[in-house]
Amino acid sequence: MAPVTASGGTAVVTVAALSAVAVFSFFLCSYYSNLSIKKSRLSKKARLRKGLIDAIGNTPLIRINSLSDATGCEILGKAEFLNPGGSVKDRVAVKIIEEALDSGKLAVGGVVTEGSAGSTAISLATVAPAYGCKCHVVIPDDAAIEKSQIIEALGATVERVRPVSITHKDHFVNIARRRAQEADQLARQFSEEKKMIANDIEWVDRFYSKGDKEASHNPTNFKGGFFADQFENLANFRSHYEGTGPEIWEQTEGELDAFIAAAGTGGTVAGVSKFLKEKNPKIKCYLIDPPGSGLFNKVTRGVMYTKEEAEGKRLKNPFDTVTEGIGINRITQNFKMADLDGAFQGTDREAVEMSRYLLKKDGLFLGSSSAMNCVGAVRVAQSLGPGHTIVTILCDSGMRHQSKFHNPSYLAEHNLTPTATGLEFLGLS
C-alpha cells in the first residue's frame, strides 16, 4: 500500500508542479508578448519621419573596418551620404532656408539662389520645394556634369559659368548673388505695377520652370529672391554645431579622441570642432586640405600661402585638383568659427587610391571629399598611434562623381590611374 500511496502522492505533486509551471509560462509569454508589441510600436514610431525635412540628419556612424584594422584605431565615418539629398549639405540647406523664412528674408514662393560646385546646390534643389520655394543655381562649368543634370532633374534652374577668381564679378558665387537681387527687383516691380510686362516673360524663366510659365503671369507668384550664401552665412556653421556635432557626441557616448574633415565653406569642420571642443577640450580636431588650397598654411603657419608662394612663385592655377567642394584660398565667416589643433595635407593620388581601396575592402563607394577625409583619418591615426577613436565625415557617395573622380579616362589624362593594392600610398602595408 505504501508504494501505492507514495506514487499517488507523487502524481498529485507532479500535477501541481506542472500546473504552476504552466501558469508561470502563460504569464511569462504574456509579458514578453506585450513587451514585443510595445517594442514594435516604439520601433514603428521611431521609423516614422514627418516628410522629407524630418528625414535629414541622425545619420549612422559606421566603423570603417579596413582602416580601423590597418591602423589599430577605431576609425568611424558619419554616413552623410544617406541623407535624402545624398550629402552632408542637406543639413545646411534646411538651416539656411528655415532661418531665412523665419527672418522674413525669404518668402514662401520665393527663389533661393546659390553658387555651388554641386552638393549644396543639389541639397537646396531637393529641400526648397518642401518649403514652397524655387531654386536657381550657378555652377562652374568644370564641375562634374552629372551634378548639374541632377539639379535640373530636381526642378531647379542651372546656370553654368566658366571658373574665375572670387574677386571677379562673374565668379559663380557673385552671379548667384546678383540673381537674387534681380529677383527682388522684379518682385518690387510687379508689386508696384500690379501687372506683367510681356517682354519680361523670357527673363523670368531664368527663375521659374517652364511648367510655371503661364502661372508666372500672375504677379502674386513673384516673391523675390534670397541668396543662400553658404560660404559666409553662419546658418551653415549652426547646422553642424546644433546637429552633426551633438549627434557624433551622442553616438560615440563622448568616447572619441579626434575629429578630422576637409573644408570648402568651412561649416562642417567649424561646427563640429566647436561643439566637440566645448564638450571636451581634450578632443583633437584637425583639417585635411587638398592641393591648391591655402587653409593648411593658414592653420599651421598663420598665412594663406606657402614659403615658395611668398617669394612670388604662386601657380597661376592654384586649384589643380580633381577633388570637388573642398579647398579654398580665403577665410570664410564659417571657417573662422573652427577650433582646430592642426592640419594635414592630402594629395589627389591619395584621395583616388583611398576611394578605390574603400570600395574594394569595405564596399564604400565615396566621392572625392569623403575619400580625402578618410586619408585625413589615417594620417591622424598614424600621428596619435593605436588605440584611439577618430571620427570623420563621409560627405557624399561616388554617384555624382562618375564623370571625373570615378572616370578611368579622366584620371588617366591626369596621371592618376590607381595602382595601389593596399594602403602603401599612405605608408601602410
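Residues numbered from 1 in each chain as written. Predicted model: local features only at pLDDT ≥ 70, side-chain atom pairs only at ≥ 80, totals over all residues. Heavy atoms only, no water.

A.B. asks: Which residues make up the overall build of the protein, and what values do they have?
C.D. replies: Looking only at helices and strands, one finds 15 helices and ten strands in the protein. Counting the 429 residues in the protein, one finds 49% classified as buried. A separation threshold of at least 6 residues defines the contact pool for the protein, and within that pool the share at least 24 residues apart is 73%. When the accessible area of the protein is evaluated, it comes to approximately 20400 Å², of which 54% is carbon and sulfur surface. (Helix = DSSP H or I, 4+ residues; strand = E, 2+ residues; numbered from the N terminus. Buried < 20%, exposed > 50% of the residue type's maximum accessible area, 1.4 Å probe, protein only. Contact = heavy atoms within 4.5 Å. Areas by Shrake-Rupley, 256 points an atom, 1.4 Å probe, with all protein chains shown as cover.)

A.B. asks: Hey, could you go over the packing of helix α4 (residues 89–103) against helix α9 (residues 235–251) for me, with residue numbers and the actual values?
C.D. replies: Contact geometry for α4 and α9: axes closest at 8 Å, N-to-C directions at 125 degrees. When the axes of α4 and α9 are compared, the pair comes out oblique. Once α4 is placed against α9, the crossing between them reads as right-handed. Only A235, N236, R238, S239, H240, E242, G243, T244 and E247 of α9 make contact with α4, whose side of the interface consists of R91, V92, K95, I96 and E99. Here the residues of the contact of α4 with α9 are counted per class, giving three nonpolar, five polar and six charged. (Axes fitted to C-alpha atoms, helices over the stretch in contact; angles between N-to-C directions. Parallel < 35°, antiparallel > 145°, perpendicular 65-115°, else oblique. Left-handed = near helix turned anticlockwise from the far one by under 90°. Nonpolar A, V, L, I, M, F, W, Y, C, P; charged D, E, K, R; others polar.)

A.B. asks: I'd like a description of the confidence of the model for the protein, backed by residues and values.
C.D. replies: Of all residues in the protein, 79% have pLDDT values of 70 or greater, and the mean over the chain is 85. Confidence drops under pLDDT 50 across residues 1–7; counting only partners more than four residues distant or on other chains, this segment forms zero contacts. Considering only residues more than four positions removed or in separate chains, one finds that residues 311–319, a stretch of pLDDT under 50, has 13 contacts. (pLDDT = per-residue confidence, 0-100.)

A.B. asks: How would you explain the nonpolar core if you had to name every residue and give the values?
C.D. replies: Core analysis: the largest hydrophobic core is formed by 37 residues, its most contacted members being L67, M354 and L358. The set of elements that each furnish at least two residues to this core consists of β7 (258–261), β8 (284–289), α13 (348–362), α14 (368–384), β10 (389–394) and α15 (408–413). Element by element, the count of residues in this core is highest for α14, at eight residues. Setting aside its immediate chain neighbours within four residues, L67 contacts I75, M354, Y357, L358, C374, V378 and L423. (Core = buried A, V, L, I, M, F, W, Y, C linked by side-chain atoms within 4.5 Å.)

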